[in-house]
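# Analysis of the macromolecular model
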There are 2 protein chains.
Amino acid sequence: MLTSEHTATLTTIVGPEHIATGDSERSLHSRDQSSHAAHLPEVVVWPTTTEHVRLVAAFANQHRIPVTAWGAGSSLEGNPIPVEGGIVVDFARMNRILAVHAEDFQVTVQTGVLYQDMNKTLARFGLFFAPDPGANASIGGMIANNASGTRTVRYGATRDNVLALEVVLANGDVIRTGSRSIKQAAGYDLTHLFVGSEGTLGLVTEATLKLAPLPEHFSAVVTSFATTEEAAEAVFNIIGTGLSPAALELVDTATVAAINGAGEFDLPVAPNLFIEFHGATEATLETELKLVRAVCAESGCRTFTSGLGRAARNRRWDARHEVAELLIRTHPGHGYIITDAAVPISQYPALVADTAETLRELEGVRGFLVGHAGDGNMHAIVFFADTPDEYARVQQAFNDHIVEKAISLGGTCTGEHGIGIGKQKFLAQELGTNSVELMRQLKALLDPNGILNPGKVVSPI
Amino acid sequence: MLTSEHTATLTTIVGPEHIATGDSERSLHSRDQSSHAAHLPEVVVWPTTTEHVRLVAAFANQHRIPVTAWGAGSSLEGNPIPVEGGIVVDFARMNRILAVHAEDFQVTVQTGVLYQDMNKTLARFGLFFAPDPGANASIGGMIANNASGTRTVRYGATRDNVLALEVVLANGDVIRTGSRSIKQAAGYDLTHLFVGSEGTLGLVTEATLKLAPLPEHFSAVVTSFATTEEAAEAVFNIIGTGLSPAALELVDTATVAAINGAGEFDLPVAPNLFIEFHGATEATLETELKLVRAVCAESGCRTFTSGLGRAARNRRWDARHEVAELLIRTHPGHGYIITDAAVPISQYPALVADTAETLRELEGVRGFLVGHAGDGNMHAIVFFADTPDEYARVQQAFNDHIVEKAISLGGTCTGEHGIGIGKQKFLAQELGTNSVELMRQLKALLDPNGILNPGKVVSPI
């Protein structure tokens, strides 16, 4: 419980214009975009400097007050919900782009910057940060959750695109990790200890990110198959040729029907692959398109449409990008769960088949499959009556089942949404108790008082 | 000091055919390919199973006996020299390829396998493990040192190509990290805590690696420039187009002269770039070659030769690949130091210019620059009279100077050789004392008795 003295101290640290205790702001920082129950923080602070974060952490550590970092609130596993109250540290006012190292394809930012805002600035330099989680996440949130998305198949996840960090530890110590050198071998990899740690090991205040040159030329393909298995086989074949698609997505028949039903699209009602290529020249892309067309034909595609240029790409990708939003919009008043299991590509058809069968047997739900096929990551969105009982039933009969299936196939309970609240129960099953015990020891080493985002990743049982 | 009882217990664990205490084997495990002083272990064991490693670690931990992992002994910073004696665990007999997951572009191996041997097997599946450190390192050594090499500019370092590990901790606990899923967000990134930890945090017994499709088509370019700065600018321009060379190497004028002097080559005596592309089709490569030729011309290249096909690639790359060997062979009886600093690409010309100037001012040495320019990593090989005094003088006046320059340019003391023995003194300068302190705490957490490869990375001061 924060006292008025605590609040007064925090006000002194960040300034009166950067702190709120009112219901409205606390409510806005009580839940993310998942279905996990909201929990109010006691106070929200908006630091503007690393020094603010340092002082807040040191103060909170001294008084054993929970500190939960907040980016854009767009996560999907309850990752930033302040389940034990305390202080939410909202990084929104630490959103400066500190340096664009255009000639090195790097940028150094405060972590509160939203990635779409950052990419608008970077476009002026012909550069962009490639991981694309869909929502307009903050860079800090993307680092905390190791966010990825449709472009990971070519450009990697956030983890693969972080070079250096500034991190405030639980006790207020500030550390720097990594360097601006692409190649690094200087001691333990502290950078990647913090990437994906969901704010439970430290508060990331600055980051130096790898950028990619904004592609000058685009091509896009939409191709349909008789079965999901055939579509998945085409995915292997495409990657096996050495082609490097910028995105390679699978959308199932039910989702295609929903997209078509929304009006503007007329896709073949069948499993579809959406494929995008980025290239330095149109000639390169034309060569690639010929090859991918041949591979898809050999893999038994029923239809194949392609186009060169940004407009063609955008037209085809609009359908894919808006799927989640479209589905949620067309299911008002429903509860929903988005699964996030990921498997080796060879096991993707098995995961998809199992998911489809589970959905057919599960009463009272409507399910849609949308997958980052090139990566083996599958999202199934299921809608159901919005009651706690239904949530619990679907969670167990669907999400838990999918996760266990994915683990049995050599995969993981979470490809990109993180452990947060809901996936903790699977960690030992996936990695074994010794690994989870080591994670607990790391948590205890870095945050001995357990103040950083308590209740997440490896919260005490 | 090991007693005969200790040796007897170790013999029981691994079997009498897998242990040696004779001078010959101890001597073979007393030094790597660096100039760091040799130190004999007391005993060498060759485990054949993870269970052997587990029992050796638990036994050594109980009796506080140093345990140093050994791969191929090809490292360059003293990383596996058993400076406190004890047990060397040679992984050479844990060299099985456990599973080729060809359809997933993955392989699971025991870590004693040599990467060239592994790649021969993988070639039958049309796959290869891309990081190429030059020497025929073991996979375990590559993981321990986060090895990279000429192909990192396209395929990443070892760090970027490890999906999952089995690790024996100091106390004998066996943990599994990661999974076979390309996308992973399940808890703290234990995999990358061990990659690059040089055997000081655990003994890596198995690894699942990402593979790349063996390129079907190759092209190669050799292009020369008036100055190193112009060559470096061409490097930025090439990468800025979105082209993705498989290798992009800079060789300075002195090195070119040495290569030509060896006989078979007749390169322009000037700074040269060696460039390689991998492609799915010859048409793609032809398009890329046109573009890279235009970029090099705009960047002021003096000569430009290129060729398509494996033979053309091999002919051009033979010159580059054999440089280190050639230089060492042509300087018999000399001491040598190979620097390993790396900087952001934009600072590469500055680092090279400073290095060249330092070499000119330094008496009694001959120096050669060979760089992974696409990555900002520079190796300078300097030869001098083989005496301890000369070694100390050149170390200080040359290597230390280069490292400090690289750090001042936003770079690192080591791009790919690791901290080992010689770079420990630079860690705090590069990362700050708080980061080094956290590394020390991690070491103490994972290896409380300090038995794992003592004297390396963050050895007690």
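Residues numbered from 1 in each chain as written. Chains lettered and ligands numbered in written order. Predicted model: local features only at pLDDT ≥ 70, side-chain atom pairs only at ≥ 80, totals over all residues. Heavy atoms only, no water.

## Focus: unusual backbone geometry
Backbone phi values are negative for most residues with the exception of glycine, while trans is the configuration of most peptide bonds. Residues and elements named next belong to chain A. Even without a glycine there, the phi angle at Glu198 is positive, about 55°. Along the chain, Glu198 turns up in the loop between helix 7 (190–194) and strand 10 (203–210). The phi dihedral of Asn453 is positive, around 40°, even though this residue is not glycine. Mapping Asn453 onto the fold places it in the segment after helix 16 (433–446). (Helix = DSSP H or I, 4+ residues; strand = E, 2+ residues; numbered from the N terminus.)

## Things to note about the interface of chain B and chain A
Often, the extent of an interface is quoted as the loss of accessible area upon association of its parts. On the chain A side, the residues contacting the 81 residues of chain B number 81 residues. Contact with chain A buries area across many residues of chain B, yet Lys183, Ala185 and Tyr188 of chain B alone supply 15% of it, more than any other trio. Notably, a salt bridge pairs Lys183 of chain B with Asp375 of chain A, separated by 3.6 Å at the nearest N-O pair. Seen at the junction of chain B and chain A, the total is 24 residue pairs in polar contact (both at pLDDT 80 or more). Of all the elements in the fold, those that place two or more residues in the side of chain B that touches chain A are helix 6 (152–155), strand 9 (174–178), helix 7 (190–194), helix 8 (228–240), helix 10 (282–298), helix 15 (427–431) and helix 16 (433–446) of chain B. (Contact = heavy atoms within 4.5 Å. Buried area = accessible area lost by both parts, 1.4 Å probe. Salt bridge = Lys/Arg side-chain N within 4 Å of Asp/Glu carboxyl O. Polar contact = N/O pair within 3.5 Å; in protein donor to acceptor, adjacent residues only side chain to side chain.)

## Points about the pairing of strand 14 (residues 272–279) of chain A
Residues and elements named next belong to chain A. Within strand 14, eight of the eight residues are buried, leaving the element largely enclosed by the surrounding structure. Alternating residues of strand 14 divide into Asn272, Phe274, Glu276 and His278 and Leu273, Ile275, Phe277 and Gly279, and every residue in both groups is buried. Here strand 12 (residues 217–224) pairs with strand 14 via eight bridges, running antiparallel. Counterpart to Ser219 in the pairing with strand 14 is Phe277. Direction of pairing for strand 13 (residues 247–251) relative to strand 14: antiparallel, over a ladder of five bridges. By the bridge assignment for strand 14, Ala247 is matched with Glu276. (Buried < 20%, exposed > 50% of the residue type's maximum accessible area, 1.4 Å probe, protein only. Pairing = 2+ DSSP bridges.)

## Here's the deal with the relation of the copies chain B and chain A
Once chain B has been moved 0.0 Å along the axis and rotated by 180°, it coincides with chain A to within an RMSD of 0.0 Å. Look at the turn and shift together and you get a two-fold axis relating the two. By C-alpha distance to the rotation axis, the residue of chain B lying nearest is Thr284 of chain B, at 2.7 Å. (Least-squares fit on C-alpha atoms with pLDDT ≥ 70 in both.)

## Looking at the domain arrangement of chain A
Residue and element names in this part refer to chain A. What the domain assignment lists for chain A is domain 1 (4–92), domain 2 (95–213), domain 3 (217–322) and domain 4 (331–430). Centre-to-centre, using C-alpha coordinates, domain 2 lies 29 Å away from domain 3. Across the boundary between the two partners, domain 2 contributes six residues, which contact 11 residues of domain 3. Buried area between domain 2 and domain 3, both sides added, is near 680 Å², and the carbon and sulfur share of it is 52%. Ranking the residues of domain 2 by area buried against domain 3 places Thr150, Val153 and Arg154 at the top, with a combined share of 74%. The class makeup of the residues in the side of domain 2 that touches domain 3 is two nonpolar, one polar and three charged. (Domains from an automatic or database assignment. Nonpolar A, V, L, I, M, F, W, Y, C, P; charged D, E, K, R; others polar.)

## Some remarks on the packing of helix 16 of chain A against helix 16 of chain B
Packing of helix 16 of chain A against helix 16 of chain B leaves a shortest axis separation of 11 Å and a crossing angle of 140°. Regarding the angle of helix 16 of chain A to helix 16 of chain B, the classification is oblique. Here helix 16 of chain A runs over helix 16 of chain B; the crossing is right-handed. In this structure, helix 16 of chain A uses Leu438, Gln441, Leu442, Leu445 and Leu446 of chain A to contact helix 16 of chain B, whose residues at the interface are Leu438, Gln441, Leu442, Leu445 and Leu446 of chain B. Here the residues of the contact of helix 16 of chain A with helix 16 of chain B sort into eight nonpolar, two polar and no charged. (Axes fitted to C-alpha atoms, helices over the stretch in contact; angles between N-to-C directions. Parallel < 35°, antiparallel > 145°, perpendicular 65-115°, else oblique. Left-handed = near helix turned anticlockwise from the far one by under 90°.)

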